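# Per-entry structural report
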Amino acid sequence: MGELEDAVMTRVWKWNRPVTVREVLEDLQRERTIAYTTVMTVLDNLHQKGWVRREAEGRAYRYEAVSTRAAYAAALMNDAWSHSDNPAAALVAFFGMMSDEQRQALSDAVRIVQGPETPEHGNQNPGSAPGDPGR
């Protein structure tokens with residue numbers, strides 16, 4: 001996604017409701033000079049790429065995000081990782097760039113994906129004996 005597409009999608013995600021070209025234009029014009037037709041073209045491109053859906057309202061459209069910003073970020077990370085010739089090294093380098101807060105968020109995410117731990121088994125692999133750190 002290009003810089004202008006990202007700026008437009010940021011507004012669509014932030015508002016979390018169907019938006020018009022005019023609404024996005026007026027918000028973008030607080031930061032830059034931009035034409036109505038440019039915003040309309042960007043939203044049309046985002047629609048063609050599958051990032052927004054649109055519904056006719058009179059002679060205009062209302063645009064709404066198809067997925068969340070988090071899903072977009074996850075897709076970017078997955079795409080970058082899947083194109084690496086050494087995925088483990090890419091992850092190590094990525095983790096090395098993370099702040100403490102990001103590492104904590106990663107740790108929380110891993111816990112969520114793994115599911116709840118049971119008190120009697122903790123974090124051990126199935127079949128490992130108590131006191132055995134797993135395999």
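The structure this text deals with has already been given above.
Conventions we followed
- Residues numbered from 1 in each chain as written.
- Predicted model: local features only at pLDDT ≥ 70, side-chain atom pairs only at ≥ 80, totals over all residues.
- Heavy atoms only, no water.
- Helix = DSSP H or I, 4+ residues; strand = E, 2+ residues; numbered from the N terminus.
- Buried < 20%, exposed > 50% of the residue type's maximum accessible area, 1.4 Å probe, protein only.
- Contact = heavy atoms within 4.5 Å.
- Salt bridge = Lys/Arg side-chain N within 4 Å of Asp/Glu carboxyl O.

Turning our attention to the side chain of D27. If you trace the backbone, D27 turns up in helix α2 (residues 21–28). Given a relative accessible area of 10%, D27 falls into the buried group. Sequence-distant contacts of D27, defined by excluding residues within four places in its chain, comprise R11, K14 and W15.

All right, on to the pattern of salt bridges then. In total, this model carries 14 salt bridges according to the counting rule given. As a salt-bridge pair, R11 and E31 come within 2.8 Å of each other at their nearest N and O atoms. Of the two residues, R11 is situated in helix α1 (residues 3–15) and E31 in the loop between α2 and α3 (36–49); the sequence distance between them amounts to 20 residues. Note on R11: relative accessible area 7%, which makes it buried. Of the residues examined, E31 reaches a relative accessible area of 57% and is grouped as exposed. Notably, a salt bridge pairs R62 with E23, separated by 3.5 Å at the nearest N-O pair.

Residue position: T20 is located in the loop between α1 and α2. Classification of T20 as buried rests on a relative accessible area of 15%. Taking the C-alpha atoms as reference points, T20 and R54, separated by 34 residues in sequence, lie 9.5 Å from one another. In this structure T20 touches Y61 and R62, once residues within four positions along its chain are discounted.

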